[in-house]
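What the coordinates show
Each chain, written out:
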Amino acid sequence: MPLHVTLKVIGGLPSFRREAVARVVRAAIAAGGHRGDFRVVHYNVLGDHLHFVVEAAGVEALARGMQGLTIRLARRLNALLGRRGKLFAQRYHARPLRTPTEVRNAIRYVLLNGRHHARDRGQVLARGWVDPYSSALWFDGWNAAVRTDAPWLRALARAGCPTAAPHTWLLQVGWRKGGGVIGGVGVGVGVGVGVGVGVGVGVGVGVGSGGNAATANEGFCKTTRGLHVP
């Protein structure tokens, strides 16, 4: 069953919207989000919480999968932050997604959440902006092809997708019946809000070029069909 999972961070910590944190999250998902009974399909790292769209075989599978993921995240993020102790404010919150519309809405909410928060702050992002702290780059359901002209997007694309391929019909193709492909990223080149990002290779960039890495559902993170990587 697909679920939208939210994980809140305790107060008093610096914003998680930075590349060092996103790199830890990607590594934790790659290590613990590909179980047979638990898969992390989409994610987004916000300032004080994380969003995931996952598949779980049941309540126990969800609990085990999230326990393993949160332990990995807490250990690695505490090491990054030079601290010890509790990192997450509470147990995760999970909402089952039972219909194509619910799944589509959750995917859109998770992958475009950074744009939503930027708008609330009065920031204007470039039309083609793709969230560097999410799995938006690897999503195959945007309404336009994507270009990866920006160096950080090329580096991120070549680093590989950390998330798991969906197994459920709802997350593979069923969500499209809830409203079709999703807008909000599309093709666009230019500089939007300046964001310093070092993607594995330490590239500092202004985010503004972006879109989608269109991947086949069968090999969601193995191919780059439709992804332009110069």
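All values reported here derive from a predicted model rather than from experimental measurement.

**A short note on the environment of R115**
- Checked against the element boundaries, R115 lands in helix 4 (residues 113–120).
- For R115, a relative accessible area of 18% gives the class buried.
- The spacing of R115 and D131 is 16 residues in sequence and 7.7 Å in space, taken between C-alpha atoms.

**Here's the deal with the pairing of strand 1 (residues 2–8)**
- Counting buried positions along strand 1 yields six of seven residues, so the element is predominantly enclosed.
- As paired elements, strand 1 and strand 4 (residues 93–96) share four bridges and run antiparallel to each other. Bridging from a neighbouring strand, L3 pairs with P96 of strand 4.

**What to know about helix 5 (residues 151–159)**
- Buried within helix 5 we find W152, L153, A155, L156 and A157.
- The positive-phi residue at the C-terminal boundary of helix 5 is G160, with phi of around 100°.

**Regarding the nonpolar core**
- Ranked by size, the top nonpolar core spans 55 residues in total, and within it F52, L62 and L73 carry the most contacts.
- For this core, the secondary structure elements donating two or more residues are strand 1, helix 1 (19–32), strand 2 (38–45), strand 3 (49–56), helix 2 (59–81), helix 3 (100–111), helix 5 and helix 6 (169–172).
- Once residues lying within four places of it in the same chain are set aside, the contact partners of F52 are L3, H4, V5, L7, I29, V40, H42, Y43, L69 and L73.

**A word on the pattern of salt bridges**
- Tallying each qualifying case throughout the model produces eight salt bridges.
- With its nearest N and O atoms 3.2 Å apart, the salt bridge here joins R35 to D37.
- Accessibility expressed as a relative area gives 32% for R35, which makes it partly exposed.
- One salt bridge connects R39 with E55, and the closest N-O pair in it is separated by 2.7 Å. Residue R39 is located in strand 2, and its partner E55 is located in strand 3; the two are separated by 16 residues in the primary sequence.
- We classify R39 as buried; its relative accessible area is 9%.
- Classification of E55 by relative accessible area gives buried; the value is 0%.
- One connected set of salt bridges, linked through shared partners, spans R35, D37, E60 and R64.

Reading the values: the criteria
- Residues numbered from 1 in each chain as written.
- Predicted model: local features only at pLDDT ≥ 70, side-chain atom pairs only at ≥ 80, totals over all residues.
- Heavy atoms only, no water.
- Helix = DSSP H or I, 4+ residues; strand = E, 2+ residues; numbered from the N terminus.
- Buried < 20%, exposed > 50% of the residue type's maximum accessible area, 1.4 Å probe, protein only.
- Pairing = 2+ DSSP bridges.
- Core = buried A, V, L, I, M, F, W, Y, C linked by side-chain atoms within 4.5 Å.
- Contact = heavy atoms within 4.5 Å.
- Salt bridge = Lys/Arg side-chain N within 4 Å of Asp/Glu carboxyl O.

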